Amino acid sequence: MGGTDRVRTVVDGDVWRITLDSPGTGNAVDPAMAAALGEALRTRPPQTRAVLLLAEGERFCVGGDVRGFAAADDPGTSVGRLATDWHEVVRAFLSTPVPVVAGVHGAVAGAGVGLIGACDVVVCARSTRIRPAYAAIGFSPDGGTSWTLAHALGPTRALDLALTNGTLDAAEAHACGLVARVVADDELRAAATELAHTLAAGPVRALVRTRTLIRGAAVRTLDEHLDEEARLIAESADDPEGRAGVRAFVEKRRPDFRAAR
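In this report, the structure presented in the accompanying data block is examined. (Residues numbered from 1 in each chain as written. Predicted model: local features only at pLDDT ≥ 70, side-chain atom pairs only at ≥ 80, totals over all residues. Heavy atoms only, no water.)

## Notes on the nonpolar core
Soluble globular proteins: nonpolar side chains tend toward being buried together. Membership of the largest hydrophobic core comes to 48 residues, with the highest contact counts inside it found for Leu 37, Leu 53, Phe 60, Trp 86 and Phe 93. Apart from the residues within four sequence positions on either side, Leu 53 is in contact with Ile 18, Leu 20, Leu 37, Phe 60, Phe 93, Val 101, Ala 102, Gly 103, Leu 115 and Cys 119. Grouped together as the second largest cluster of nonpolar side chains are 14 residues, Ala 50, Leu 188, Leu 195 and Leu 199 included. (Core = buried A, V, L, I, M, F, W, Y, C linked by side-chain atoms within 4.5 Å. Buried < 20%, exposed > 50% of the residue type's maximum accessible area, 1.4 Å probe, protein only. Contact = heavy atoms within 4.5 Å.)

What follows is the structure, given as structure tokens:
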């Protein structure tokens, strides 16, 4: 097991488990958290085939470290620098070359909302509450939060939520597509872990190509998208994963994608 005083990491079979580990702050985003989470992604062992993001304590992530903002001599510079660093973390999640699962619980606020938006599949505990929270301190969003909310809820509902500092419960977040699955609180870790291992056993390179297609669909025309689908399915067919999957199908057996290097 490795990590820092903000983030713990461990190899769990095929899964690289990253745990936010600053429960006393609600896993608030500060420079140390941004650096630790970025380092956790950069040091993912190459043999791991999925990432699982979890958090210690009662809250998944309360967003930015507001006490740190209040203590800053030059808040514009310090908050801007933190946002820039945090955005690199979000980009790193989006470009991780294996599937990313998040298991979220408690409070998810501010930059934490953008963080879950950068994960591929979010499993949510039933008691979770999701809140932009920026309006409460007179800030506009960062961390991809406004993008995530606009794409999940549509601009009208996203504006209502963000401008009024509203809250989504787990059922509402699931209904609008912000999270993929809702489970009982005491089942969250087991459910998220099982899902991460299921994806790790699959054709991870094809799954990442699928992520690329689905995330890019909103910014391409159908004509452009068809070209991209053709390009990526050809890559998949040439990939050892695709060859293994086709052979297994023809031979009526389960494919071993782990062995397809």
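## Here's the deal with the packing of helix α9 (residues 204-216) against helix α10 (residues 222-238)
Look at α9 against α10: their axes get within 10 Å of each other, and the N-to-C directions meet at 175°. In this view, α9 runs roughly antiparallel relative to α10, as classed from their interaxial angle. The segment α9 lies against α10, with Ala 206, Arg 209, Thr 212 and Leu 213 engaging His 225, Glu 228, Glu 229, Leu 232, Glu 235 and Ser 236. For the contact of α9 with α10, the class distribution of residues is three nonpolar, three polar and four charged. (Axes fitted to C-alpha atoms, helices over the stretch in contact; angles between N-to-C directions. Helix = DSSP H or I, 4+ residues; strand = E, 2+ residues; numbered from the N terminus. Parallel < 35°, antiparallel > 145°, perpendicular 65-115°, else oblique. Nonpolar A, V, L, I, M, F, W, Y, C, P; charged D, E, K, R; others polar.)

## Points about the pattern of salt bridges
With the rule as written, the count across this model stands at 18 salt bridges. As a salt-bridge pair, Arg 211 and Asp 120 come within 2.9 Å of each other at their nearest N and O atoms. Of this pair, Arg 211 sits in helix α9 while Asp 120 sits in the loop between α4 (111-117) and β7 (121-125), and the two are 91 residues apart along the sequence. Between Arg 231 and Glu 235 there is a salt bridge, with its nearest N and O atoms 2.9 Å apart. Of the two residues, Arg 231 and Glu 235 are both situated in helix α10; the distance of four residues between them amounts to about one turn of the helix. Arg 231 sits in the partly exposed class, given a relative accessible area of 42%. (Salt bridge = Lys/Arg side-chain N within 4 Å of Asp/Glu carboxyl O.)

## Focus: a nonpolar patch on the surface
On the surface, Val 66, Ile 137 and Phe 139 cluster together into a nonpolar patch covering about 220 Å² of accessible area. Inspection of the secondary structure puts Ile 137 in the loop between β8 (129-131) and α5 (145-153). You can call Ile 137 partly exposed: its relative accessible area is 36%. (Patch = residues over 30% accessible without salt bridge, like charges linked within 9 Å, V, L, I, M, F, W, Y side chains within 5 Å. Areas by Shrake-Rupley, 256 points an atom, 1.4 Å probe, with all protein chains shown as cover.)

## A short note on the packing of helix α1 (residues 31-42) against helix α3 (residues 75-94)
Where α1 contacts α3, the axes come no closer than 9 Å and their chain directions differ by 25°. Put simply, α1 runs roughly parallel to α3. Where α1 crosses over α3, the two elements pack in a sense that is left-handed. Taken together, the residues of α3 that come into contact with α1 (itself represented by Pro 31, Met 33, Ala 34, Leu 37, Gly 38 and Leu 41) are Leu 82, Asp 85, Trp 86, Val 89, Ala 92 and Phe 93. Grouping the amino acids of the contact of α1 with α3 by side-chain chemistry returns ten nonpolar, one polar and one charged. (Left-handed = near helix turned anticlockwise from the far one by under 90°.)

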